[in-house]
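One-letter residues, chain by chain:
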Amino acid sequence: MDLSRPAIALCVEGTQLEFQKQIEAARQRYAEAWACATDDYEKCIAAHYVGHLAQTPAEALFWHQTAVEHANRADAAQVESFRPSLYVNLGYAFAQVGDAAQAKHFYGLAAELGLVHGEG
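Reading the values: rules and limits
- Residues numbered from 1 in each chain as written.
- Predicted model: local features only at pLDDT ≥ 70, side-chain atom pairs only at ≥ 80, totals over all residues.
- Heavy atoms only, no water.
- Helix = DSSP H or I, 4+ residues; strand = E, 2+ residues; numbered from the N terminus.
- Buried < 20%, exposed > 50% of the residue type's maximum accessible area, 1.4 Å probe, protein only.
- Lys, Arg positive; Asp, Glu negative; His and termini not counted.
- Salt bridge = Lys/Arg side-chain N within 4 Å of Asp/Glu carboxyl O.
- Polar contact = N/O pair within 3.5 Å; in protein donor to acceptor, adjacent residues only side chain to side chain.
- Contact = heavy atoms within 4.5 Å.
- Phe/Tyr/Trp six-rings, centres within 6.5 Å; stacked < 30°, edge-to-face > 60°.

Caption draft 1: View of the side chain of Arg83. Position of Arg83 among the secondary structure elements: in helix α6 (residues 83–96). Look at Arg83: it is buried, it has no salt bridge, and the nearest opposite charge is Glu80 at 8.4 Å. Only 2.8 Å separates the side chain of Arg83 from the side chain of Asn72, close enough to count as a polar contact. Apart from the residues within four sequence positions on either side, Arg83 is in contact with Ala71, Asn72 and Leu113.

Caption draft 2: Representation of the packing of aromatic side chains within the structure. Enumeration according to the criterion identifies six aromatic pairs in this entry. Plain terms: the ring middles of Tyr87 and Phe106 are 5.9 Å apart, the flat faces sit at 45° to each other, and that makes the pair tilted. On the criterion of sequence distance, the pair formed by Tyr87 in helix α6 and Phe106 in helix α7 (residues 100–112) is long-range, its members being 19 residues apart. A residue is classified by how much of its surface remains accessible, and Tyr87, at 12% relative accessible area, is buried. Consider the rings of Phe94 and Phe106, whose centres lie 5.8 Å apart with planes at 10°: the pair is stacked. Here Phe94 is found in helix α6, whereas its partner Phe106 is found in helix α7, with 12 residues between them in sequence. Overall, the relative accessible area of 12% leaves Phe106 in the buried class.

Caption draft 3: Quick peek at the environment of Tyr87. When the C-alpha atoms of Tyr87 and Ala54 are compared, they prove to be 16 Å apart, with 33 residues separating the residues in sequence. Not counting residues within four places of it along the chain, the set of residues in contact with Tyr87 comprises Val68, Asn72, Phe106, Leu109, Ala110 and Leu113.

Just distances and angles here, no functional claims.
Okay, here's the thing in structure tokens:
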């Protein structure tokens, strides 16, 4: 990832804060990343991280859908390596809101790209 991009650097900072169990501070960094994202690539990454720490299943679903929408508009080469993670997170978000069919669909897309989700 290109740390010279402010939105990306904020996501990395947020991840470090998460590892330090500073969840609210991490949420703040991810929100800042979303606010300063300038293109679909940055918006995809920022939305993914905002969704990762969402406080409700509906909020997580919104942000993970937003991440995939921006990934679909970004340069394919930029998002190719983490598209499976985007799909598995979106599948999980659908599962959390009770939409098993959509969850299965996105888990399947992730599996097609090499990331198999273990449900147990």
